[in-house]
Amino acid sequence: MEETEPYEDLIKSLPTDPFGGSPPPLHQYKGFWFRQLTLQGLLATHDYFIPLPSDVLLCSFQKTGTTWLKSLLFSIINRHSKDSLLSTNPHFLIPSLELQIYRGGKLCTPELLEKPSSSSRILSTHIPYQLLPPFVKDSDCKIVYIARNPKDFIVSLWHFMVSNRHHHPVSLQEAVDGICSGVFPGGPYFDHILGYWKESLESSSKRVFFVTYEDLKRDTAGHVRRLGEFLGCPFGVDDEQEVEEIVRICSFETMRNVEVNKNEEQLWANDERLIPRVTLSLKSLFRKGEVGDHVNHLTPEMIERIDEVAKERLSGSGLSL
Ligand code: A3P
């Protein structure tokens, strides 16, 4: 008898879009667009994940600085073992709920849910705030969100799709069309950002820390201190050297040159039942690491169009990117 896919009936009932022209299509779930594997992971996160009040959840849209922020959060919280970043890629120190742990709707890596004995559990997700499981929203866990300028984001994502074989290749124009229309893996991009932005402003408990890639670049040390404060592990006035060391270890230059991060074909979710096996080029996570690289790739027309959409979508929010 043929095995059914997790959440098959639900997924079959959703609107689809052939983003980029050939399979796999995107499925629209409660206003956001997902590939099947991701959506299965999201639904399983709803069904099975139980947050702990001490959890730290790193939330982001892909290609906005997730890997960097993972390194920073890991070393802020595990100050004495930050050297682990020199032998392990940040994505294996801070796993993704829907992409690694519950990938494809199956609990792939239960060991990654174990809480370290002496520190908080840190998990990550690309799930929009609007679609976080209610018990995550209602829990006391802390949320750190990173957002990025949409033009640099699109250029970063396009390069990433091209350099990872398992991603269906799209043209830069298709990627730009996607961010502007909202029909895009994980999109609409601006709705994703606004969900966390509004929560960071409204939340009376101040449990969402919102930072942009650009601000983090401008003042990394200042943000390391602010994050330490937010996460309940502040740095003292005498900890200048410790802060500088964290900034150095997590820097683009250090991380890109760490041997493990040069791996071109890392197995992603460790589950033999998942076919095809999904690999990730860790090297492709460290491309350029700069602010403003979009001017080297986007046409003036593309820039103008994205700027217009960003202005319209973010208007009245108090946020500009
Ligand atoms: P570019 O493609 O513009 O270089 P994510 O981690 O969410 O996938 O985001 C990837 C982007 O963050 C890439 O941007 C990547 O180069 C950049 N990045 C990765 N590590 C970084 C670091 N330590 N410091 C700054 N940027 C980093």
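For the structure itself, consult the block above.
I will try to describe carefully the structure that is included in this document. (Residues numbered from 1 in each chain as written. Predicted model: local features only at pLDDT ≥ 70, side-chain atom pairs only at ≥ 80, totals over all residues. Heavy atoms only, no water.)

**Thoughts on the overall build of the protein**
Stated formally: Labels follow the DSSP assignment, with helices taken as runs of H or I lasting at least four residues and strands as runs of E lasting at least two, numbered in each case from the N terminus. C-alpha atoms define the radius of gyration, and 2.2 Å times the number of residues to the power 0.38 defines the globule rule. Partly exposed describes any residue whose relative accessible area lies between the buried limit of under 20% and the exposed limit of over 50%, with all areas from a 1.4 Å probe on protein chains only and scaled to the type maximum. Here, residues are in contact when the closest pair of their heavy atoms is within 4.5 Å. Only the protein chains shown count as cover for residues, and the accessible areas themselves come from Shrake-Rupley with a 1.4 Å probe. Only four residue types enter the charge count: Lys and Arg as positive, Asp and Glu as negative, with His and the chain ends excluded. By convention, the point assigned to a charge is CZ for Arg, NZ for Lys, CD for Glu and CG for Asp.
Across its full length, the protein holds 14 helices and nine strands. Relative to its length of 321 residues, the protein is compact, with a C-alpha radius of gyration of 19 Å against a globular reference of 20 Å. Across its three principal axes, the protein shows a C-alpha extent of roughly 60 × 50 × 45 Å. By residue count, 55% of the 321 residues in the protein fall in the buried class. A fraction of 72% describes how many contacts in the protein between residues 6 or more apart in sequence connect residues 24 or more apart. Approximately 14700 Å² of the protein is accessible, and the part contributed by carbon and sulfur atoms is 52%. In the protein, 34 positive and 43 negative side-chain charges are present, and the distance between their average locations comes to 1 Å.

**Structural notes on the nonpolar core**
Convention followed: Side-chain atoms within 4.5 Å are what join buried Ala, Val, Leu, Ile, Met, Phe, Trp, Tyr and Cys residues into a set we call a nonpolar core.
Counting residues in each nonpolar core, the largest one holds 59 residues, and the members touching the most others are Tyr29, Ile143, Phe153, Ile154, Tyr196, Phe210 and Leu298. In contact with tyrosine 196, other than residues within four places in its own chain, are Cys59, Ile127, Pro128, Tyr129, Leu132, Ile143, Tyr145, Val208 and Phe210. One finds Val56, Phe230, Cys250 and Phe252 within the second-largest nonpolar core, a separate group that totals 39 residues.

**Quick look at the sheet that holds strand 7 (residues 208-212)**
Quick reminder of the rule: Note on pairing: DSSP must find at least two bridges between two strands before they are called paired. Helix axes are fitted only over the stretch in contact, all axes being lines through C-alpha atoms; the angle between N-to-C directions runs from 0 to 180 degrees.
Spatial ordering of the open sheet is given by 5-4-6-7, a layout of four strands whose pairing is parallel. Looking along the sheet, the strands with just one partner apiece sit at the ends: strand 5 (122-125) and strand 7. Across the sheet, the axes of successive neighbouring strands diverge by a mean angle of 20°, strand direction being ignored. Two elements, strand 6 (residues 142-147) and strand 7, share five bridges in a ladder whose sense is parallel. Each residue of the ladder has a partner; that of valine 144, found in strand 7, is phenylalanine 209.

**A closer look at the site of the ligand**
Here is the rule we go by: Consider each residue's heavy atoms; a residue with any of them within 4 Å of a molecule or strand counts as near. Any N or O atom pair separated by 3.5 Å or less is treated as a polar contact, with the protein-specific requirement of one donor-capable and one acceptor-capable atom, and with residues adjacent in sequence counted only for side-chain atom pairs.
Taken together, 18 residues lie around the ligand, and Thr66, Thr67, Ser156, Lys288 and Gly289 are the ones closest in. Contact between the ligand and glycine 65: an oxygen atom at 3.1 Å from a main-chain N or O atom of the residue. Between a nitrogen atom of the ligand and a main-chain N or O atom of cysteine 250, the distance comes to 2.8 Å. Starting from 570 Å² of accessible surface for the ligand in isolation, the protein chains cover 97%.

**Side note on the layout of surface pockets**
To keep things clear, this is the line we draw: Site definitions follow a grid-based scheme: protein atoms alone, a 1 Å grid, a 1.4 Å probe that fits but cannot get out for cavities, and for pockets an open set with protein on both sides within 12 Å along at least five of seven lines, plus lining residues having an atom within 4 Å of a point. Grid points are joined across faces, edges and corners, and a volume is the space filled by probe spheres set on the points. Side-chain classes follow a simple rule in which Ala, Val, Leu, Ile, Met, Phe, Trp, Tyr, Cys and Pro form the nonpolar group, Asp, Glu, Lys and Arg form the charged group, and the remainder, Gly included, forms the polar group.
In this structure, the second largest pocket spans a volume of roughly 180 Å³. Lining of the second largest pocket is provided by 14 residues; of these, Leu93, Pro95, Glu114, Pro116 and Ile122 occupy positions nearest its centre. Looking at the lining of the second largest pocket, its residues break down into eight nonpolar, three polar and three charged.

**Examining the pattern of salt bridges**
Counted only if it meets this: Note on definitions: salt bridges are taken to be side-chain nitrogens of Lys or Arg within 4 Å of carboxyl oxygens of Asp or Glu.
Summed over all chains, the structure comprises 14 salt bridges. The salt bridge partner of lysine 82 is glutamate 242, with a shortest N-O separation of 2.7 Å. Taken together, the residues lysine 82 in the loop between helix 3 (66-77) and helix 4 (90-93) and glutamate 242 in helix 12 (residues 240-249) connect sequence positions 160 residues apart.

**Focus on the sheet that holds strand 3 (residues 32-34)**
Overall, antiparallel pairing links the three strands, which are arranged 1-2-3 in an open sheet. Each edge of the open sheet is held by one strand with a lone partner, namely strand 1 (16-17) and strand 3. Sheet topology places strand 2 (residues 26-29) next to strand 3; three bridges connect them, and they run antiparallel. Note that in strand 3 the partner of glutamine 28 across the bridge is tryptophan 33. Its contacts with the sheet put helix 2 (residues 36-48) on strand 2 and strand 3, and the angle it makes with strand 2 is roughly 30°.

**With respect to the packing of helix 8 (residues 172-181) against helix 14 (residues 300-314)**
Using the following cut-off: Just so you know how the angles are binned, under 35 degrees is roughly parallel, over 145 roughly antiparallel, 65 to 115 roughly perpendicular, and the rest oblique. Handedness of a helix crossing follows the sense of rotation of the near helix relative to the far helix, less than a right angle counterclockwise being left-handed and clockwise being right-handed.
As a packed pair, helix 8 and helix 14 sit with axes 10 Å apart at the nearest point and diverge in direction by 15°. For the element pair helix 8 / helix 14, the angle class is roughly parallel. For helix 8 against helix 14, the interelement crossing comes out left-handed. Here helix 8 contributes Leu172, Gln173, Val176, Asp177, Ile179 and Cys180 to the contact with helix 14, which in turn contributes Met302, Arg305, Ile306 and Val309. In terms of residue class, the contact of helix 8 with helix 14 is made up of seven nonpolar, one polar and two charged.

**Focus: the environment of valine 291**
Within the secondary structure layout, valine 291 lies in the loop between strand 9 (279-280) and helix 14. Taking the relative accessible area as the measure of exposure, valine 291 reaches 46% and is therefore partly exposed. Along the primary structure valine 291 and aspartate 215 are separated by 76 residues, whereas in three dimensions their C-alpha atoms are 10.0 Å apart.

**Quick look at the pairing of strand 4 (residues 56-60)**
Buried residues dominate strand 4, accounting for five of its five residues. Here strand 4 shows two buried faces, one formed by Val56, Leu58 and Ser60 and the other by Leu57 and Cys59. Note: strand 4 against strand 5, four bridges, orientation parallel. Looking across to strand 5, one finds that leucine 58 is bridged to serine 124.

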